[in-house]
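Remarks on the overall topology
As a plain string of letters, each chain reads:
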Amino acid sequence: MILHCVRNHLTLLPTGARHVSKRAQSHVDRIIRVDHAGEFGADRIYAGQLAVLGKTSVGPVIKHMWEQEKVHLELFEKLAKEHRVRPTALMPLWNIAGFALGAGTSLLGSEAAMACTVAVEEVIGDHYNKQLRQLMESNPDDLDELKEIIKRCRDDELDHLDTGLKHDAEQAPFYEGLSQVIKLGCRSAIWISERV
């Protein structure tokens, strides 16, 4: 498979069979499972934000970020099928929790919604960087497509972080506390989704 980008939409194109050791496959399964769960959670967060703030001045900004998350989710759904990776058993929980987090912070105002975005994307950017380091160290050549997908998703996530900061995330009520609670929740969701 190779990664192909047209008009900001990433797609996977077949290039032949893949050969991965059992240990490497286990690592790949874990990466795909957790990243699929994360992109699903992000999709639900932005859906919750848009449900509350869709008709405000930040509505188009949230919609743009959500559209990018939909592309990420689609990519990881394709990878999960290709690698035969089961999704996390907690998808129903992440569906509800993600939407509630997005809608709940949005009810506190656009600044709190953007604070949520900044906190989530900071954790996810760090998470993707950690995965890339691990993949580079193991250096399986046939995982170049996975590395490229993670890099592109990470870059979008960090762009979302910057967007949140530009839209007054740090002006949210109780910004530091809100941010720390959301980051803790994200790190916990990552840890659990890798394993369950």
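All values reported here derive from a predicted model rather than from experimental measurement. (Residues numbered from 1 in each chain as written. Predicted model: local features only at pLDDT ≥ 70, side-chain atom pairs only at ≥ 80, totals over all residues. Heavy atoms only, no water.)

1. Structural notes on the pattern of salt bridges
As a working rule, side chains carrying opposite charge can pair if their charged atoms are close by. On inspection of all chains with the given rule, the structure shows 10 salt bridges. Between Asp-144 and Lys-147 there is a salt bridge; the shortest N-O distance is 3.5 Å. One end of the pair, Asp-144, and the other, Lys-147, are both in helix H5 (residues 144-166), 3 residues apart, so they sit about a helical turn from each other. Judged by relative accessible area, Asp-144 falls into the partly exposed class, the value being 43%. The network of salt bridges with shared partners includes Arg-30, Glu-194 and Arg-195. (Salt bridge = Lys/Arg side-chain N within 4 Å of Asp/Glu carboxyl O. Helix = DSSP H or I, 4+ residues; strand = E, 2+ residues; numbered from the N terminus. Buried < 20%, exposed > 50% of the residue type's maximum accessible area, 1.4 Å probe, protein only.)

2. As for the environment of Pro-60
Examined against the element boundaries, Pro-60 turns out to sit in helix H2 (residues 59-83). Linking Pro-60 and Leu-50, residues 10 residues apart in sequence, is a C-alpha distance of 8.8 Å.

3. What about the packing of aromatic side chains?
For any two aromatic rings, the description comes down to two numbers: the centre-to-centre distance and the angle of the planes. Applying the stated rule across the entire model yields 0 aromatic pairs. The cationic tip of Lys-70 hangs over the ring face of Trp-66; the distance from NZ or CZ to the ring centre is 4.0 Å. (Phe/Tyr/Trp six-rings, centres within 6.5 Å; stacked < 30°, edge-to-face > 60°. Lys NZ or Arg CZ within 6 Å of the ring centre and 35° of its normal.)

4. Description of the packing of helix H3 (residues 91-107) against helix H6 (residues 175-195)
Here H3 crosses H6 at 165 degrees, and the two axes come no closer than 13 Å. Taken as axis vectors, H3 and H6 run roughly antiparallel relative to one another. Of the two elements, H3 crosses H6, and the hand of that crossing is left-handed. Together, Trp-94, Leu-101 and Thr-105 of H3 and Leu-178, Ile-182, Ala-189, Ile-192 and Ser-193 of H6 make up the contact between the two elements. (Axes fitted to C-alpha atoms, helices over the stretch in contact; angles between N-to-C directions. Parallel < 35°, antiparallel > 145°, perpendicular 65-115°, else oblique. Left-handed = near helix turned anticlockwise from the far one by under 90°. Contact = heavy atoms within 4.5 Å.)

5. Quick notes on the side chain of Arg-154
Inspection of the secondary structure assignment puts Arg-154 in helix H5. There is a polar contact of 3.0 Å between the side chain of Arg-154 and the side chain of Asp-155. (Polar contact = N/O pair within 3.5 Å; in protein donor to acceptor, adjacent residues only side chain to side chain.)

6. A closer look at the nonpolar core
The biggest cluster of nonpolar side chains holds 44 residues, and the ones touching the most others in it are Ile-32, Ile-62, Phe-76, Val-120, Leu-146, Ile-150 and Ile-182. Elements represented by at least two residues in this core include exactly helix H1 (22-53), H2, helix H4 (110-138), H5 and H6. Counting residues per element, this core draws most heavily on H4, which supplies 13 residues. In this structure Ile-62 touches Tyr-46, Gln-49, Leu-50, Leu-53 and Met-114, once residues within four positions along its chain are discounted. Counting 5 residues, the second largest nonpolar core, distinct from the first, contains Ala-37, Phe-40, Leu-73 and Trp-94. (Core = buried A, V, L, I, M, F, W, Y, C linked by side-chain atoms within 4.5 Å.)

7. Brief notes about H2
Compared with the 36 Å implied by 1.5 Å per residue over 25 residues, the 36 Å span of H2 between its first and last C-alpha is a close match. Looking one or two residues past H2, Arg-84 carries a phi angle of roughly 55 degrees, positive in sign. (Expected span 1.5 Å × (residues − 1).)

8. What about the packing of H3 against H4?
Remark: H3 packs on H4, axes separated minimally by 6 Å, with the N-to-C direction vectors making an angle of 140 degrees. Here H3 is positioned oblique relative to H4, judged by the angle of their axes. Contacts between H3 and H4 involve Leu-101, Thr-105 and Ser-106 from the first element and Ala-112, Ala-113, Cys-116 and Val-120 from the second.

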